[in-house]
Amino acid sequence: MADIKDLGIFGSNKGLEKMRKDADAKKRQAKIQEKRGYLPDKSETPVHASNEVKDKTEKTKQSRKKTTTKKTAGAPVRKFDRVYAVKTPIKLSPLLNATSRILVEKYATDFSRDELLREALNEYIRQNLSQEDKVDLFNSVKFELDLFRHGKVANETVPEVDEDGTILRSVEEIENETSETLTKAWGIRKNEVAKKDTTSS
């Protein structure tokens, strides 16, 4: 039986030594090229030329950023009426919590959980309440929304303005739009709300 040491597994391995020497030679050559002002690349691009390319790309990136970014800071206002902003989380049962979360993640991806709940409530009100109950509910909700907007901690509606500061939609117009959205979603006839307003005044 042959001695294992004679197979060249242990001790010096000529093939491995040659590979190491080649790798060391390549490293030395790369260092020499760097000192001369060349990159250790096959194309042998000069260092100063590559720096110019980097400067140009950075300038183009900065110019793109300037064109895309708007003057307004922070996240864009989705709704100018603050009654749509989620202030306090609702305590839901584990069933409703899981159902609403999975619905929003998988099936109703266009909605937030707040929007999904509003949609469900709108559907329930439209289907199950009489016109009289709808109007009564609308007036009660409107009263609470006014308290939210103008209460001790004011959550006033923000007027919609353009970049020059010109008002596109006033506070009154935005709040009226919220009321119209509710009446339409709940299936309340306009004359019913008008009737209630005249009787209350």
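Please refer to the structure placed before this passage.
Cut-off values and rules
The residue numbering used here restarts from 1 in each chain and proceeds along that chain's sequence as written. Totals for whole chains, interfaces and linings use all residues, but because this is a predicted model, local features are given only for residues with pLDDT of at least 70 and pairs of side-chain atoms are given and counted only at 80 or more. Only heavy atoms go into the side-chain values, all of them from the structure, while hydrogens and water stay out. What is meant by a nonpolar core is a set of buried Ala, Val, Leu, Ile, Met, Phe, Trp, Tyr and Cys residues, joined one to another through side-chain atoms within 4.5 Å. Partly exposed residues are those whose accessible area sits between 20% and 50% of the maximum for their type, while under 20% is buried and over 50% is exposed, using a 1.4 Å probe and protein chains only. Runs of H or I in DSSP of at least four residues are treated as helices and runs of E of at least two as strands, each being numbered from the N terminus. The contact rule is simple, with two residues in contact once any of their heavy atoms fall within 4.5 Å. Grid spacing is 1 Å over the protein atoms alone, the probe is 1.4 Å, and a cavity is where that probe fits but cannot get out, while a pocket is an open set with protein on both sides within 12 Å along at least five of seven lines and lining residues have an atom within 4 Å of a point. Grid points are joined across faces, edges and corners, and a volume is the space filled by probe spheres set on the points. Nonpolar residues are Ala, Val, Leu, Ile, Met, Phe, Trp, Tyr, Cys and Pro. Charged residues are Asp, Glu, Lys and Arg, and all others, Gly as well, are polar. Pairing of aromatic rings covers Phe, Tyr and Trp, the last counted by its six-membered ring, and requires centre-to-centre distances within 6.5 Å; plane angles under 30 degrees mean stacked, over 60 mean edge-to-face, and any other angle means tilted. A side-chain nitrogen of Lys or Arg and a carboxyl oxygen of Asp or Glu constitute a salt bridge if their distance falls within 4 Å.

Enquirer: Report on the nonpolar core, specifying residues and quantitative values.
Expert: Of all hydrophobic cores here, the largest spans eight residues; its members are I125, V135, F138, L182, A185, W186, I188 and V193. Where this core is concerned, the elements lending two or more residues are helix 5 (131–150) and helix 6 (171–186). Examining the composition of this core, we find that three residues originate from one element, helix 6, more than from any other. The contacts of A185, once residues within four sequence positions are left out, are N122 and R126.

Enquirer: I'd love a proper account of empty space enclosed by the protein, names of residues and values included.
Expert: For the structure shown, the criterion picks out one cavity of 30 Å³ or more. Every residue along the wall of the largest cavity is listed here: F138, K142, L145, R149, T178, S179 and L182. Elements represented by at least two residues in the lining of the largest cavity include exactly helix 5 and helix 6. Here the lining of the largest cavity takes four residues from helix 5, the largest share from any one element. Residues belonging to the lining of the largest cavity are distributed by class as follows: three nonpolar, two polar and two charged.

Enquirer: Can you explain the packing of aromatic side chains? Please cite residues and give values.
Expert: Describing an aromatic ring pair means giving the distance of the ring centres and the angle of the ring planes. In this structure the tally under the stated criterion is one aromatic pair. Their ring planes at 85° and their centres at 6.5 Å tell us that F138 and W186 sit as a pair that is edge-to-face. In this pair, F138 sits in helix 5 while W186 sits in helix 6, placing the two residues 48 residues apart along the sequence. One exposure class covers both F138 and W186, and it is buried.

Enquirer: Could you give me a rundown of the pattern of salt bridges, with the residues and numbers involved?
Expert: All told, the structure shown has eight salt bridges when counted by the stated rule. One salt bridge in this structure joins E177 and R169, with 2.5 Å as the shortest N-O distance. Accessibility expressed as a relative area gives 21% for R169, which makes it partly exposed. Overlapping salt bridges, with partners in common, bring together D81, D146, R149 and E175 in one network.

Enquirer: Can you explain the layout of surface pockets? Please cite residues and give values.
Expert: Its volume calculated, the largest pocket comes out at about 1400 Å³. Along its surface, the largest pocket is lined by 42 residues, and V83, Y84, D114, R118 and L121 are the ones closest to its centre. With eleven residues, helix 4 (residues 113–128) is the single largest residue contributor to the lining of the largest pocket. Its residues assigned to classes, the lining of the largest pocket comprises 23 nonpolar, seven polar and twelve charged.

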